[in-house]
Amino acid sequence: MSLAPAVHHAFSREKLLQIARSLPADLGVLSKLGEMLHDINSELDAIAGLLRRDVALASRIVRISNSPMFGGGGQVASIEEAVNRVGFSEILKLVGTATAARFTERSLEGYGISAVKLRNNMLYGAFACEALARAAGTDTRVAYTAGLLRPLGLMVLDRATRGQLGPHQRYHTGQWQSYSAWEGSIFGVNNCEVAALILDEWRFPVELSGSIRAHYLARSGDFETPLGALVNVANGLAHRVSRSFAGEACWWEITAEKLQAAGLTEDDFEPAIQETEAAFEAAIAALAM
């Protein structure tokens with residue numbers, strides 16, 4: 001147990017939601033996009049109108065759409081052109097890649113996570129969740145979004161105390177077994193609960209928020225959340241290639257029980273890893289444009 005003094009910062013629900021609204025990307029846009037993509041009557045023009053609400057995000061989407069990942073050749077100049085080029089099948093991946101870049105413009109000081117490490121975890125986790133969901137025969141769009149937004153609670157809690165924690169009060173692997181143990185002492189709540197609270201407020205699917213609340217699989221009942229188990233396995237894959245966070249390493253052992261809960265087998269690994277790596281490398285190249 002840590003000998004560092006506990007600096008308890010109790011945050012109200014309203015305070016956490018206020019901080020979430022200050023994040024450098026509009027969660028409402030991503031939530032509404034998910035609804036529209038599940039509605040067969042949605043039109044691409046309406047989706048373009050939604051994405052135009054976040055000017056900075058729209059600008060990044062246009063730039064990324066010109067990358068080889070989305071078949072671009074430098075010809076797209078507007079959000080309408082970008083949306084029409086990629087179509088329904090790839091629009092979430094396009095927006096998700098841009099959102100990851102927007103969310104990770106600075107490091108998580110309290111957690112000791114660099115901006116690049118955060119971005120890479122979001123993207124790799126999203127692509128791994130998508131690939132594993134395809135293998136499990138479950139909704140790939142919800143799984144992708146769960147993987148992408150999984151670190152949301154980390155971001156909000158870090159912003160809540162930015163500049164307020166001294167060096168000895170920040171997370172250190174030698175003092176704390178996990179982020180959640182440290183968060184319990186410092187904040188009185190862990191990042192999974194915070195992320196679920198915010199996703200519920202922004203009207204994301206209950207399945208999605210519930211999966212992030214349970215994805216550490218720290219309690220036996222969490223194994224009854226298939227998407228939560230799948231998100232855990234996806235991060236187990238990320239951990240194997242050093243794209244996970246130090247304070248979460250204790251949660252990512254891939255076991256037979258986890259695979260069963262997620263509807264997966266070990267035979268699903270190799271195809272999922274290959275798909276994930278290819279998508280991740282393409283996304284990193286797209287963001288470098």
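Residues numbered from 1 in each chain as written. Predicted model: local features only at pLDDT ≥ 70, side-chain atom pairs only at ≥ 80, totals over all residues. Heavy atoms only, no water.

Participant: Describe the overall build of the protein chain, and please don't skip the residues or the numbers.
Facilitator: Helices and strands together make up the secondary structure of the protein chain, namely 14 helices and zero strands. When the helices and strands of the protein chain are listed from N to C terminus, the series reads α-α-α-α-α-α-α-α-α-α-α-α-α-α. For 289 residues, the compact-globule estimate of 2.2 N^0.38 gives 19 Å, and the protein chain sits close to it at 18 Å. Each principal axis of the C-alpha atoms in the protein chain carries an extent, and together these give about 60 × 45 × 30 Å. A buried classification covers 55% of the 289 residues belonging to the protein chain. Taking contacts inside the protein chain between residues at least 6 apart in sequence as the whole, the part at least 24 apart equals 71%. (Helix = DSSP H or I, 4+ residues; strand = E, 2+ residues; numbered from the N terminus. Rg over C-alpha atoms; globule rule 2.2 N^0.38 Å. Buried < 20%, exposed > 50% of the residue type's maximum accessible area, 1.4 Å probe, protein only. Contact = heavy atoms within 4.5 Å.)

Participant: Could you give an account of the nonpolar core, naming the residues involved and the relevant values?
Facilitator: Grouped together as the largest cluster of nonpolar side chains are 100 residues, with contacts concentrated most on Leu27, Ile47, Leu51, Ile61, Ile91, Tyr111 and Ile198. Here the element with the most residues in this core is helix 5 (residues 79-103); it accounts for twelve residues. With residues near it in sequence (within four places) discarded, isoleucine 47 still touches Leu33, Met36, Leu37, Val83, Phe88 and Ile91. (Core = buried A, V, L, I, M, F, W, Y, C linked by side-chain atoms within 4.5 Å.)

Participant: Give me the lowdown on the pattern of salt bridges, citing residues and values where you can.
Facilitator: Counted by the stated rule, this structure contains 19 salt bridges. Note that glutamate 277 and arginine 243 form a salt bridge whose closest N and O atoms lie 3.3 Å from each other. Taken as a pair, glutamate 277 in helix 14 (residues 269-287) and arginine 243 in the loop between helix 12 (226-240) and helix 13 (256-262) lie far apart in primary sequence, 34 residues in all. Look at the salt bridges and you will find they share partners, linking Asp54, Arg60, Arg102 and Glu105 into a network. (Salt bridge = Lys/Arg side-chain N within 4 Å of Asp/Glu carboxyl O.)

Participant: Account for helix 5, naming residues and giving values.
Facilitator: In this model, helix 5 (25 residues) spans only 20 Å end to end at C-alpha, well below the 36 Å of a helix rising 1.5 Å per residue. The sharpest bend along helix 5 reaches about 115° and sits at glycine 87. The buried count for helix 5 comes to 18 of 25 residues, which makes it a mostly enclosed element. (Expected span 1.5 Å × (residues − 1). Bend = angle between axes of the 7 residues up to and from the residue.)

Participant: Please give an account of the packing of aromatic side chains that cites residues and values.
Facilitator: According to the stated counting rule, one finds ten aromatic pairs in the structure shown. Seen in terms of ring centroids, phenylalanine 11 and phenylalanine 187 are 6.1 Å apart; in terms of plane orientation they differ by 35°. Their pairing is tilted. Taken as a pair, phenylalanine 11 in the segment before helix 1 (13-21) and phenylalanine 187 in the loop between helix 9 (179-186) and helix 10 (191-201) lie far apart in primary sequence, 176 residues in all. A connected cluster of aromatic rings, assembled from ring pairs, spans Phe11, Tyr111, Tyr171, Tyr179, Trp182 and Phe187. (Phe/Tyr/Trp six-rings, centres within 6.5 Å; stacked < 30°, edge-to-face > 60°.)

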